[in-house]
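Fold and contact review
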Amino acid sequence: MVFNPCKKKVGRWIIEILINVFLLSMLAVTALIVVRTQNLFAVAMLTGIYSLLSATFFTLLDAVDVAFTEAAVGAGVSTVLMLGTLSLVGHRQKKQRTVQIVPLLIVTVTGLILMYGTLDIPPFGEADNPVHLHETTVHYLEESSHETGMPNVVTSVLASYRGYDTMGETTVIFTAMVGVLLLMSGRRKDEIGGTDDGE
Amino acid sequence: MESNPILRIATKIMTPYILLFALYVQFHGDYGPGGGFQAGVIFAAAFVLYALIYGIETARLVLPMGVATLCGALGVLIYAGVGIATMLLGGGFLEYGFLDSHDAEHGQHLGILLVELGVLTTVFGVMVVIFYSFAGRGRVEE
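Here we summarise the structure given alongside this text. Keep in mind the model is a prediction, meaning the values are calculated, not measured.

The rules behind the values
Residues numbered from 1 in each chain as written. Chains lettered and ligands numbered in written order. Predicted model: local features only at pLDDT ≥ 70, side-chain atom pairs only at ≥ 80, totals over all residues. Helix = DSSP H or I, 4+ residues; strand = E, 2+ residues; numbered from the N terminus. Contact = placed C-beta atoms within 7 Å. Rg over C-alpha atoms; globule rule 2.2 N^0.38 Å. Axes fitted to C-alpha atoms, helices over the stretch in contact; angles between N-to-C directions. Parallel < 35°, antiparallel > 145°, perpendicular 65-115°, else oblique. Nonpolar A, V, L, I, M, F, W, Y, C, P; charged D, E, K, R; others polar. Buried ≥ 20, exposed ≤ 12 C-beta atoms within 10 Å, placed from the backbone. Expected span 1.5 Å × (residues − 1). Bend = angle between axes of the 7 residues up to and from the residue.

Within chain A, the regular secondary structure consists of eight helices and zero strands. Starting at the N terminus and walking to the C terminus, you meet the elements of chain A as α-α-α-α-α-α-α-α. Once local pairs closer than 6 in sequence are excluded, the contacts in chain A between residues at least 24 apart make up 39%.

Take the overall build of chain B next. A tally of regular secondary structure across chain B gives five helices and zero strands. Taken against the 2.2 N^0.38 rule, which gives 14 Å for 142 residues, the C-alpha radius of gyration of chain B at 18 Å runs more than 25% over that of a compact globule. On the principal axes, the C-alpha backbone points of chain B span a range of 60 × 30 × 20 Å.

A few words now on the packing of helix 6 (residues 135-148) of chain A against helix 5 (residues 104-135) of chain B. Helix 5 of chain B packs onto helix 6 of chain A with a crossing angle of 90 degrees between their chain directions and a minimal axis gap of 7 Å. Taken together, helix 6 of chain A and helix 5 of chain B sit at an angle that is classed as roughly perpendicular. Contacts between helix 6 of chain A and helix 5 of chain B involve H146, E147 and T148 of chain A from the former and E105, Q108 and I112 of chain B from the latter. Of the residues belonging to the contact of helix 6 of chain A with helix 5 of chain B, the class tally is one nonpolar, three polar and two charged.

Attention now moves to the interface of chain A and chain B. Taken together, the 44 residues of chain A in the interface contact 45 residues of chain B. For the side of chain A that touches chain B, the elements supplying multiple residues, two or more each, are helix 3 (64-89), helix 6, helix 7 (153-161) and helix 8 (163-198) of chain A. For the side of chain A that touches chain B, the element with the highest residue contribution is helix 8 of chain A, accounting for 17 residues. The residue inventory of the side of chain A that touches chain B, partitioned by class, reads 22 nonpolar, 18 polar and four charged.

Another point: the environment of I42 of chain B. You can see I42 of chain B is positioned in helix 2 (residues 36-54). What makes I42 of chain B buried here is the crowd of 29 C-beta atoms within 10 Å. When the C-alpha positions of I42 of chain B and V25 of chain B are compared, they lie 8.9 Å apart, and in sequence the two are 17 residues distant. Excluding its chain neighbours within four sequence positions, the residues that come into contact with I42 of chain B are A72 of chain A together with I18, F21, A22 and V25 of chain B.

One way to put it is that helix 7 of chain A packs onto helix 5 of chain B with a least axis distance of 9 Å and a crossing angle of 85 degrees. Put simply, helix 7 of chain A runs roughly perpendicular to helix 5 of chain B. Note on element contacts: helix 5 of chain B touches helix 7 of chain A through Q108, I112, V115 and E116 of chain B, opposite T155, A159 and S160 of chain A. Class assignment of the residues belonging to the contact of helix 7 of chain A with helix 5 of chain B gives a composition of three nonpolar, three polar and one charged.

Let us look at helix 1 (residues 5-27) of chain B. All names here are of chain B. Taking 1.5 Å per residue as the helical rise, helix 1 with its 23 residues ought to reach 33 Å, and the 34 Å between its terminal C-alpha atoms agrees with that figure. In the structure, helix 1 departs most strongly from a straight axis at M14, where the bend amounts to approximately 30 degrees and where the proline P16 lies between one and four residues downstream. For helix 1, the full list of buried residues reads A22, V25 and Q26.

This part covers the environment of D30 of chain B. Residues and elements named next belong to chain B. Structurally, the position occupied by D30 is in the loop between helix 1 and helix 2. Look at D30 and you get buried, because 20 C-beta atoms sit within 10 Å. Taking the C-alpha atoms as reference points, D30 and I112, 82 residues apart in sequence, are found 8.8 Å from one another.

Moving on, we come to unusual backbone geometry. Phi at D62 of chain A takes a positive value of approximately 65 degrees, unusual for a residue other than glycine. If you trace the backbone, D62 of chain A turns up in the loop between helix 2 (40-60) and helix 3. Positive phi outside glycine occurs at L94 of chain B, with the angle close to 65 degrees. When you line up the elements, L94 of chain B lands in the loop between helix 4 (65-88) and helix 5. With 22 C-beta atoms packed within 10 Å, L94 of chain B lands in the buried category.

Here it is as structure tokens:
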């Protein structure tokens, strides 16, 4: 009886590891298929699947808000935008038979450097990680509910404590719209003229 | 896609629920995961779905390009406006506590609600504008 809770914990840990390995290998497989596929419509759908898998992974890491955004933006809207773009530019990739050494080398080296970088990151979910011990974190977690009246700390940090940042982000999104409008609306007038003549 | 009755009916049934879910995500953001950004994207996704099935011209009758552009700008205005309002009430920029002279916590709640509304409006407008700009152009091939 004494060993039961411990055994349960080990069992849970093994299941978690198995799910993580499964999801990460699915991500790797999807990425490889994206590289190999020539049909760009299929590639757009596969990147949507990639986003959805990432969202699942974020949920496992307890980052529900991030997972939510990834599923809505990555799997939903950006896939549609990608398909919309493909309908403009055509969905056939230019044939490329030769293996390009330099990009492959750069990607491999960057990947290895990033992996080396993760060695310095403190282990995931440990109670005494610097991020959990820092006084800012402690303040947010303990004071936020009666300083802002918000049970959800993510919201209170985003909208209140870090309100400036969120305003900056909103402005960035607004700037994206201005950019798209400037780039896309100029030529559209000519095209509308063109189709009007044709119809 | 415009002649497929199953897709048309399914879209008709789904769209109000997607919009409702977006509002739920928006207003439940105080208690659970979610907030203005996610809600804005979901709200826009409802219109994207509508435009995909019923055609972009029909969608533009429901939500004209100009209105979407206005939304994109209005959200930032709401956000910055809250900041200016708190400054006028004697606080710092975006110091929501000053929005309610009696209860600072209540002011915080109100401020966050308004700011999230601003984020929702901008994200929704921008997503729809970008979608219209890309999908509404004449096709080069075919």
